[in-house]
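# Chain and residue survey
Chain by chain, the residues run as shown.
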Amino acid sequence: MTTAASDETAVIAGLRVGDEAVYAALVDRHTPSMLRVARGYVRTHASAEEVVQEAWIALIKGIPKFEGRSSLRTWLFSILINIAKARALRERRDTEVEVMAFTGGTVDPGRFRAADDEWPGHWREDAAPEPFPQTPEGAVLGDELITVARNQLEKLPERQRVVVTMRDMLGFDSAEVRELLDISVANQRVLLHRGRAAVRQVLEDYLKDAK
Amino acid sequence: MTGDMDCKELVELVTSYLDGSLDPDTRARVDVHLLECDGCANYLQQFRATVDTLGKVDDETLDPSFRDRLMNAFRDWR
């Protein structure tokens, strides 16, 4: 922890004196993830690059005043998200608003037994989930499933897509995502759960068709 | 409601379950249910596999010419 903190202090000091190697290392480490997050807001790769470039310029300009109240990474991504969000509003991309607290189930209700059944709310025998096959590294099916998941990710509503990207693809923890997106615990969970559930459903459909 | 949990309820709690954010009572009800229900155990397995698959979706790559642009932005500012 101490090492990480002093590393960060050294990085900040390096940026302040214009150390190009320090900046380059930071660019290499964070830019791919930043592009991925930006793509959650804007439609094209070119737009995402512009957003990311703007964020780096804002970092360079802002570093003399950076007080270190958050980590450098959190600060960088919060800049990025603000820029991406403003850009998305200008581009008027799917502007769905707040997630509702109650948004219905994430599994087709027809798969569960009806209220008058002996076991209401339990899986119907013909609709119960089957385990997904194990796919060893590099297996054809595994690669296909990754493609199916990526395509579905693109189709998710913006906020679900951003949360799933940050949590499951980039490995941010829930506290960091909540801080960056300024959303509640419950909202983060709902967005993540709905996004994952939608991806699970297309994977299940794909595997069923493949049989 | 402290007793049985039905499958329809369980499927909405999976993300919280995996995050370890359920209260102990609810978590225990999920665990008990999972012991008896293959459908839900499979659902949980599918959900874990989904999260795992999402983790393997490629990151964007850093295109060398874009990297040059970012480096130039730094040089221009200094």
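Residues numbered from 1 in each chain as written. Chains lettered and ligands numbered in written order. Predicted model: local features only at pLDDT ≥ 70, side-chain atom pairs only at ≥ 80, totals over all residues.

To continue, consider the overall build of chain B. Tallying secondary structure elements over chain B gives five helices and zero strands in all. Listing each helix as α and each strand as β along chain B from the N terminus yields α-α-α-α-α. For chain B, the C-alpha radius of gyration of 22 Å lies well beyond 12 Å, the compact-globule estimate for 78 residues. With the C-alpha coordinates aligned to their principal axes, the bounding extent of chain B is approximately 65 × 25 × 15 Å. For chain B, the residues scored as buried account for 27% of the 78 residues in total. (Helix = DSSP H or I, 4+ residues; strand = E, 2+ residues; numbered from the N terminus. Rg over C-alpha atoms; globule rule 2.2 N^0.38 Å. Buried ≥ 20, exposed ≤ 12 C-beta atoms within 10 Å, placed from the backbone.)

So, on to the overall build of chain A. Assigned secondary structure in chain A consists of eight helices and zero strands. Listing each helix as α and each strand as β along chain A from the N terminus yields α-α-α-α-α-α-α-α. When its C-alpha atoms are laid out on the principal axes, chain A stretches across 70 × 40 × 40 Å. Considering chain A as a whole, with its 211 residues, one finds that 33% of them fall into the buried category. Sequence separation of at least 24 residues holds for 66% of the intrachain contacts in chain A that already meet a minimum separation of 6. (Contact = placed C-beta atoms within 7 Å.)

Here we take up helix α7 (residues 174-181) of chain A. All names here are of chain A. Residues Val 177, Leu 180 and Leu 181 constitute the buried set of α7. Taken end-on, α7 shows its buried residues confined to a sector of 85°, consistent with a single buried face. Those residues of α7 hidden inside the fold are in contact with α4 (72-91), α6 (158-169) and α8 (185-210). Downstream of α7 by a residue or two, Asp 182 has a phi angle that is positive, lying close to 55°. (Arc of directions from axis to C-beta.)

On to the nonpolar core, then. Most often, soluble globular proteins keep nonpolar side chains buried together rather than apart. Formed by 62 residues in total, the largest nonpolar core has its most connected members in A:Val37, A:Ala38, A:Val51, A:Val52, A:Ala55, A:Leu80 and A:Ala84. Here this core spans two domains, since at least three of its residues come from each of domain 1 (2-91) and domain 2 (109-210) of chain A. (Core = buried A, V, L, I, M, F, W, Y, C linked by C-beta atoms within 7 Å. Domains from an automatic or database assignment.)

Tracing the chain through its elements places A:Asp126 in the loop between α4 and α5 (140-155). For the pair formed by A:Asp126 and A:Phe172, sequence separation is 46 residues and the distance between their alpha carbons is 38 Å.

Interface extent is often summarised as the accessible area lost during association of the parts. With 37 residues of chain B at the contact, the number on the chain A side is 47 residues. Taken together, the elements giving at least two residues each to the side of chain B that touches chain A come down to α1 (7-10), α2 (14-19), α4 (38-55) and α5 (64-77) of chain B. Ranked by residue count, the leading element in the side of chain B that touches chain A is α4(B), at 13 residues. Broken down by class, the residue content of the side of chain B that touches chain A amounts to 15 nonpolar, 10 polar and 12 charged. (Nonpolar A, V, L, I, M, F, W, Y, C, P; charged D, E, K, R; others polar.)

This part is about helix α3 (residues 45-62) of chain A. When the terminal C-alpha atoms of α3(A) are compared, their 25 Å separation across 18 residues agrees well with the 26 Å that a helix rising 1.5 Å per residue should span. By the burial criterion, the buried members of α3(A) are A:Ala48, A:Glu49, A:Val51, A:Val52, A:Ala55, A:Trp56 and A:Leu59. Taken around the axis of α3(A), the buried residues stretch over an arc of 165°, which confines them to a single face. Residues of α3(A) that are exposed and point over 90 degrees away from its buried face: A:Ala46 and A:Lys61. Buried residues belonging to α3(A) abut α2 (20-39) and α4 of chain A together with α5 of chain B. (Expected span 1.5 Å × (residues − 1).)

Turning our eyes to something else, we now look at the packing of α2(A) against α5(B). Two packed helices can be described by the angle between their axes and the distance between those axes. For the pair α2(A) and α5(B), the least separation of the axes is 11 Å and the interaxial angle reads 140°. For the element pair α2(A) / α5(B), the angle class is oblique. Viewed along their axes, α2(A) and α5(B) form a crossing whose handedness is right-handed. Where α2(A) approaches α5(B), its residues A:Glu20, A:Tyr23, A:Ala24, A:Val27 and A:Thr31 are matched on the opposing element by B:Arg67, B:Leu70, B:Met71 and B:Phe74. The residue makeup of the contact of α2(A) with α5(B), split by class, is six nonpolar, one polar and two charged. (Axes fitted to C-alpha atoms, helices over the stretch in contact; angles between N-to-C directions. Parallel < 35°, antiparallel > 145°, perpendicular 65-115°, else oblique. Left-handed = near helix turned anticlockwise from the far one by under 90°.)

Residue and element names in this part refer to chain A. Examined at the domain level, chain A breaks down into domain 1 (2-91) and domain 2 (109-210). Relative to domain 2, the C-alpha centre of domain 1 lies at a distance of 29 Å. Of the residues lining the interface, nine residues belong to domain 1; the matching set on domain 2 comes to 11 residues. At the level of secondary structure, the elements contributing two or more residues to the side of domain 1 that touches domain 2 comprise α2 and α4.

The next point concerns unusual backbone geometry. You will see that A:Asp182, though not glycine, has its phi angle at about 55°, which is positive. Within the secondary structure layout, A:Asp182 lies in the loop between α7 and α8.

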